[in-house]
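# Architecture and fold: a report
One-letter residues, chain by chain:
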Amino acid sequence: MKNKLSLALMMGYLLPGLVLATDKLEVVTATSDLADFVKAVGGDKVKVVSLSNGSQDPHFIEPRPSMVMQVKKADVLVRIGMDLDLWVQSLIEASRNSKVMYGGPGYLDASRKIEKLEVPTGKIDASMGDIHLYGNPHYWLDPENAKPILGSIVKKLCEMLPSESEYFNKNYEEYLRILDSAIAKWEEEMKPYAGAKIVTYHNSWPYFTKRFRLEIIGCVEPKPGIPPTPSHIVSLVKKIKEEKVKVIIMEPYFNLKVTEKIAKDSGAKVVVLPPSVGGIQGANTYLHLFEYNIGKLAESLQD
Amino acid sequence: MFELMLLPFAACLILTGIHAYLGIHVIEREVIFVDLALAQIAALGAIIAFLFGMELHSTAAYVFSIAFTFVGATIFALTRLKERKVSQEAIIGIVYAVSAACSILVLDRAPSEAEHIKYMLVGNILFVKWPEIIKMAVLYGVIGLFHFIYRRKFLLISLNSEEAQKEKIPIKWWDFLFYATFGVVVTSSVEIAGVLLVFSYLIVPAVCAMLLSDKLKTRLLLGWALGSLTSLIGLYLSATLDFPTGAAIVCAFGLLVLGVAILQRLAVR
């Protein structure tokens, strides 16, 4: 045990960031969507594990010892960033794996190349805290944003396993082609509903609605993480009626009761859409996820 | 895996050390939920500090939450009445509920994401680090020493307040000192281990020890031994079965109580 340990330690010092050509790259990701991207690009040259599954709220993941172990042996760690997955930070620190620490060769914040929405502008004073500075972190819900995410991933994989660069790039190009035609199809499906007004439970859909030209007129939560107050519910119901909103989008892990009450009082319909791969049965890949969500949403907006 | 569990185990031993002792006081005084109430007041203090622009986990925010804890300590010291019309546990419950509700109101007015603040206030024993352990050991060592030096007074006001009154010990003052030191311990522990786990460390070893013995010294030794052993079992279960660590330890404590209760029943027969 001790020998093994010191050998591992020595290897860690001697070969920081380098991986033997015959080995698969060990990749951990914060969410299932990121894992799907890594799989698409990395193919059989990587072994990827997601630390959370699609049915969990990615803001709150209860850490387990095995997660630390997974991060410990990882060559690459991909996270959502923008303070959405703060729990990943604790896992990295506990793992003491310098490869995947911030600034390490295997660390990848997938939000780096994303054009961010809702970044506070103007003077930011101390009373605002340091929490929401980076903007809205639910950027993977715009399928166009998959491209910069995939771009960052392919770059990182090539850096870590240069011998397979060609393979990674080929997979990347191929995925982009499939993605492009899929996006064109989804946009076509959503076209009839351009400009439709909707309400969401949590403020997690602005990237999605921007892409598919929907307009969010309000959220069930007055502020992220705060349950609705009575006056907020009353004014939201009024607004939904006035603006003739048809649907309220909600993630599977939020409070259905409150949302159903608002829907009942206002005549709108609750549509439960999983925000991540695996959030519902059948949505096992990123492409399937959007296939499901677009289909469900188009159907609800129709009637 | 063993390496990973080493720091949590060290933290568990320190938690056992101070909480098993304080637990005996708390159970004798019949103020079981006082730690939840004080922890909640401290959290309220931290949240208000955050609203005023102080950073979470900064010294300024810490001072703020300790100040709030002292306010709580004053309330509990003043509400121990000679002739009890209502149990002090009722007051504690009220303080808990109101301060928890206050933090919701304050968070509602906070400019940024409430969910992150809530997440950051509660620690996870799996992620404890050396500097935190050392800080905790020193702080609890000092408080433990203070309690050891004045053990006669502290024990008398907890176990036999009538006798204390006869001796003309200023009970309210010593009550305040008890709750203030207790509050500091609980606040620091919650920041490292979370509410559930701290509550278990406070109550379970003390309850088991009190079931098994009537002598203070034996009770203390039993509490420490049982607390340490159960921590080890909980950590082992968490490591091998891959359970969330804090919850695994709390459930191990549940099994301990069950075991001791059965043992005691058999012994009585």
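The paragraphs below set out a description of the structure included in this document.

Calculation notes
- Residues numbered from 1 in each chain as written.
- Chains lettered and ligands numbered in written order.
- Predicted model: local features only at pLDDT ≥ 70, side-chain atom pairs only at ≥ 80, totals over all residues.
- Helix = DSSP H or I, 4+ residues; strand = E, 2+ residues; numbered from the N terminus.
- Rg over C-alpha atoms; globule rule 2.2 N^0.38 Å.
- Buried ≥ 20, exposed ≤ 12 C-beta atoms within 10 Å, placed from the backbone.
- Contact = placed C-beta atoms within 7 Å.
- Core = buried A, V, L, I, M, F, W, Y, C linked by C-beta atoms within 7 Å.
- Axes fitted to C-alpha atoms, helices over the stretch in contact; angles between N-to-C directions.
- Parallel < 35°, antiparallel > 145°, perpendicular 65-115°, else oblique.
- Left-handed = near helix turned anticlockwise from the far one by under 90°.
- Nonpolar A, V, L, I, M, F, W, Y, C, P; charged D, E, K, R; others polar.
- Pairing = 2+ DSSP bridges.
- Right-handed = clockwise from strand over helix to strand, strands pointing away.

## A word on the overall build of chain B
A count of helical and extended segments in chain B gives 12 helices and 0 strands. The N-to-C order of helical and strand elements in chain B reads α-α-α-α-α-α-α-α-α-α-α-α. Rg of the C-alpha trace for chain B: 19 Å, near the compact-globule value of 18 Å for 269 residues, within the 12% margin. Taking the principal axes of the C-alpha coordinates as reference, chain B spans close to 60 × 50 × 30 Å. By the burial criterion, 44% of the 269 residues in chain B qualify as buried.

## Considerations on the overall build of chain A
For chain A, the count of helices and strands is 10 helices and 8 strands. Within chain A, buried positions represent 42% of all 303 residues. Contacts in chain A between residues at least 24 apart in sequence constitute 61% of all its contacts with a sequence separation of at least 6.

## Looking at the nonpolar core
Counting residues in hydrophobic clusters, the biggest one holds 148 residues, and the most contacted among them are F37, V38, V41, V78, I153 and I248 of chain A. The dominant element in this core, judged by the number of residues it contributes, is helix α2 (residues 34–51) of chain B, at 13 residues. Among residues more than four places away in sequence, those in contact with I248 of chain A are V199, T200, Y201, V220, T259, I262, A263, A268, V270 and V271 of chain A.

## What about the environment of F212 of chain A?
Residues and elements named next belong to chain A. By the secondary structure assignment, F212 is in the loop between α7 (206–211) and β6 (215–219). Exposure remark for F212: the 22 C-beta atoms within 10 Å place this residue in the buried category. Along the backbone, F212 and N53 are 159 residues apart, and their C-alpha atoms lie at a distance of 26 Å.

## A look at the packing of helix α10 (residues 195–212) of chain B against helix α11 (residues 216–241) of chain B
All names here are of chain B. At a minimum axis separation of 8 Å, α10 and α11 run at an interaxial angle of 125°. Judged by the angle between their axes, α10 and α11 are oblique. Note on packing geometry: the crossing formed by α10 with α11 is right-handed. On α11, the residues touching Y201, P205, A206, C208, A209, M210 and L212 of α10 are R219, L222, G223, L226 and G227. Grouping the constituent residues of the contact of α10 with α11 by class yields 9 nonpolar, 2 polar and 1 charged.

## Some details on the pairing of strand β2 (residues 46–50) of chain A
Residue and element names in this part refer to chain A. Only one face of β2 is buried, namely the one carrying V46, V48 and S50, since none of K47 and V49 on the opposite face is buried. Judged from the 5 bridges that link them, strand β1 (residues 25–29) and β2 form a sheet pairing that is parallel. Counted as the bridge partner of V28 is V49 from β2. Since β1 and β2 lie parallel, the crossover through helix α2 (residues 32–42) that links them has a hand, and here it is right-handed.

## Quick look at the sheet that holds strand β5 (residues 197–200) of chain A
Residues and elements named next belong to chain A. Within the open sheet, the 4 strands sit side by side as β6-β5-β7-β8. Their pairing is parallel. Each of the sheet's edge strands pairs with one partner strand only, and the pair in question is β6 and β8 (269–272). Direction aside, the axes of adjacent strands within the sheet are offset by 35° on average. Relative to strand β7 (residues 247–250), β5 is paired through 3 bridges, and the arrangement is parallel. Note on β7: the bridge partner recorded for V199 is I248. Sitting on the sheet, helix α10 (residues 286–302) is in contact with β7 and β8, with an inclination near 170° to β8.

## Side note on the pairing of β5 of chain A
All names here are of chain A. Relative to β6, β5 is paired through 4 bridges, and the arrangement is parallel. The partner of I198 across the bridge, within β6, is I216. Chirality of the crossover, the property in question, places the unit of β5, α7 and β6 among those that are right-handed.

## Overview of the environment of L236 of chain A
Residue and element names in this part refer to chain A. Tracing the backbone shows L236 in helix α8 (residues 230–242). Remark: the alpha-carbon pair of L236 and I249, spanning 13 residues in sequence, is separated by 14 Å. Not counting residues up to four positions away in its chain, the partners in contact with L236 are V199, G218, V220 and I262.

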